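Coordinate inspection notes
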Amino acid sequence: DTEVTQTPKHLVMGMTNKKSLKCEQHMGHRAMYWYKQKAKKPPELMFVYSYEKLSINESVPSRFSPECPNSSLLNLHLHALQPEDSALYLCASSQDWVGELFFGEGSRLTVL
Amino acid sequence: GIQVEQSPPDLILQEGANSTLRCNFSDSVNNLQWFHQNPWGQLINLFYIPSGTKQNGRLSATTVATERYSLLYISSSQTTDSGVYFCAPQGGSYIPTFGRGTSLIVHP
């Protein structure tokens, strides 16, 4: 069983909707990540939080807004998405900057 | 950033066969992970291996950091081994960089 929990597992939204993806870990990890994965491609890094501060933003469009309310939680707020944003969104955590990465099961997003 | 090449890109095996997957990387690394992504999208940790050899059941991995490659060995393959295998080295930035993966199909 994964110790990184993502909700929802599936999400369908229209281009005018606002929704959020949630990620939770209880391993005491201090680094958390959002990755985006399109079909038949490797995961692509979006954001990294370290000690609850945004450390890396890989030039992600502002329609994706990350939030780290505390060391166990990571959210990804979605607004005015495009159909090409449909993908598997993966959350991961690691002990700190240097450490083994653990992934959640992912949230599969479809934008209509 | 670090460049990662995985080979072969696709592999088809009969159940019971052995295989070797390769990961080449362009720069020195602090660490390297191997993952298995199952058909449902779950990324499962296989090995966290900066150097040397580790074994876990039918799987083993070897990283030769000085020569900038890692190998994943799968012995006596099973249909449940099907999926995509990714290597993800961590270079100077400490952020894992994923290769394009090896897609494995194991037929019964």
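Described in the following lines is the structure provided in the data block. This structure is a prediction, so every number in the text was calculated from the model and none was measured.

Here we come to the state of the cysteines. Residues and elements named next belong to chain B. In total, this model carries 2 disulfides over all chains according to the counting rule given. Put simply, Cys-23 and Cys-87 are joined by a disulfide, and their sulfur atoms are 1.9 Å apart. Across the S-S bond linking Cys-23 and Cys-87, the dihedral sits near 65°, which makes this disulfide right-handed. Residue Cys-23 is located in strand S3 (residues 19-25), and its partner Cys-87 is located in strand S9 (residues 83-90); the two are separated by 64 residues in the primary sequence. Across this residue pair, the class does not change: Cys-23 and Cys-87 are buried.

Strand pairing in a sheet relies on backbone hydrogen bonds, with the paired strands running either antiparallel or parallel. Residue and element names in this part refer to chain B. Spatially, 5 strands are ordered S1-S3-S8-S7-S6 in an open sheet, and the strand pairing comes out antiparallel. Either end of the sheet is taken by a strand with one partner, and the two such strands are strand S1 (4-7) and strand S6 (52-56). Neighbouring strand axes in the sheet, compared pairwise and without regard to direction, differ in orientation by 15° on average. Note: S1 against S3, 4 bridges, orientation antiparallel. Note that in S3 the partner of Ser-7 across the bridge is Arg-22.

Further remarks concern unusual backbone geometry. In this chain, Thr-7 of chain A is followed by Pro-8 of chain A through a cis amide linkage whose omega measures -10°. Tracing the backbone through its elements, the reader meets Pro-8 of chain A in the loop between strand S1 (4-7) and strand S2 (10-13). In the segment running from Ser-7 of chain B into Pro-8 of chain B, the intervening peptide bond is cis, with an omega of -10°. At Ser-76 of chain B, a position not held by glycine, the phi torsion is positive, near 45°.

Across the boundary between the two partners, chain A contributes 22 residues, which contact 18 residues of chain B. Buried area between chain A and chain B, summed over both chains or domains, comes out near 1,600 Å², and the portion from carbon and sulfur atoms is 59%. Three residues, Pro-42, Glu-100 and Phe-103 of chain A, lead the burial of chain A against chain B; their summed loss comes to 28% of the area buried on that side. Between chain A and chain B we count 0 salt bridges in total. Taken together, the connections running from chain A to chain B amount to 5 residue pairs in polar contact (both at pLDDT 80 or more). Elements that contribute at least two residues to the side of chain A that touches chain B include exactly strand S4 (31-37), strand S5 (44-50), strand S9 (87-94) and strand S10 (102-103) of chain A. Here the side of chain A that touches chain B takes 3 residues from S4 of chain A, the largest share from any one element.

What counts, and at which threshold
- Residues numbered from 1 in each chain as written.
- Chains lettered and ligands numbered in written order.
- Predicted model: local features only at pLDDT ≥ 70, side-chain atom pairs only at ≥ 80, totals over all residues.
- Heavy atoms only, no water.
- Disulfide = S-S within 2.5 Å.
- Helix = DSSP H or I, 4+ residues; strand = E, 2+ residues; numbered from the N terminus.
- Buried < 20%, exposed > 50% of the residue type's maximum accessible area, 1.4 Å probe, protein only.
- Pairing = 2+ DSSP bridges.
- Axes fitted to C-alpha atoms, helices over the stretch in contact; angles between N-to-C directions.
- Contact = heavy atoms within 4.5 Å.
- Buried area = accessible area lost by both parts, 1.4 Å probe.
- Salt bridge = Lys/Arg side-chain N within 4 Å of Asp/Glu carboxyl O.
- Polar contact = N/O pair within 3.5 Å; in protein donor to acceptor, adjacent residues only side chain to side chain.

Treat this as a map of the structure, not an account of what it does.
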